[in-house]
Amino acid sequence: MALGTGDIDCVYHFALYELQETLSTLGMDDAADLLDVMVDGKRLKDISDLPLDLAI
């Protein structure tokens, strides 16, 4: 999806923080690591970032 193929600039998720917390709670470390890679690479962002990104 957003692992740096260049096809997609970034994706906004409506419940990113909740998703991260759920993966941590369930102990799904592999999925949490992949999610962190996308977030750290600014390929996956929380929907609350959208207005700020549009203002730029």
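Preceding this section is the structure that the text describes.
Just so you know, these numbers come straight off a predicted model, no measurement behind them.

Engineer: I'd love a proper account of the overall build of the protein, names of residues and values included.
Structural biologist: Across its full length, the protein carries three helices and two strands. Listed N to C, the secondary structure of the protein is β-α-α-β-α in terms of helices and strands. Each of the 56 residues in the protein was classed as buried or not, and the buried ones make up 21%. In the protein, once contacts between residues fewer than 6 apart in sequence are set aside, the share between residues at least 24 apart is 68%.

Engineer: Lay out helix H2 (residues 29–40) with the relevant residues and their values.
Structural biologist: With twelve residues, H2 should cover 16 Å at 1.5 Å per step; its first-to-last C-alpha distance of 16 Å lies within 8% of that length. Within H2 the residues assigned to the buried category are Ala32, Leu35 and Met38. Seen from one end, H2 has its buried residues packed into an arc of 120°, which puts them on one side. Facing away from the buried side of H2, by more than 90 degrees, are the exposed residues Asp29, Asp30, Val37 and Asp40. Residues of H2 that are buried sit in contact with helix H1 (16–26) and strand E2 (44–46). Taken from the residues just after H2, lysine 42 is the one with a positive phi, measuring 55°.

Reading guide: rules and limits
Residues numbered from 1 in each chain as written. Predicted model: local features only at pLDDT ≥ 70, side-chain atom pairs only at ≥ 80, totals over all residues. Heavy atoms only, no water. Helix = DSSP H or I, 4+ residues; strand = E, 2+ residues; numbered from the N terminus. Buried < 20%, exposed > 50% of the residue type's maximum accessible area, 1.4 Å probe, protein only. Contact = heavy atoms within 4.5 Å. Expected span 1.5 Å × (residues − 1). Arc of directions from axis to C-beta.

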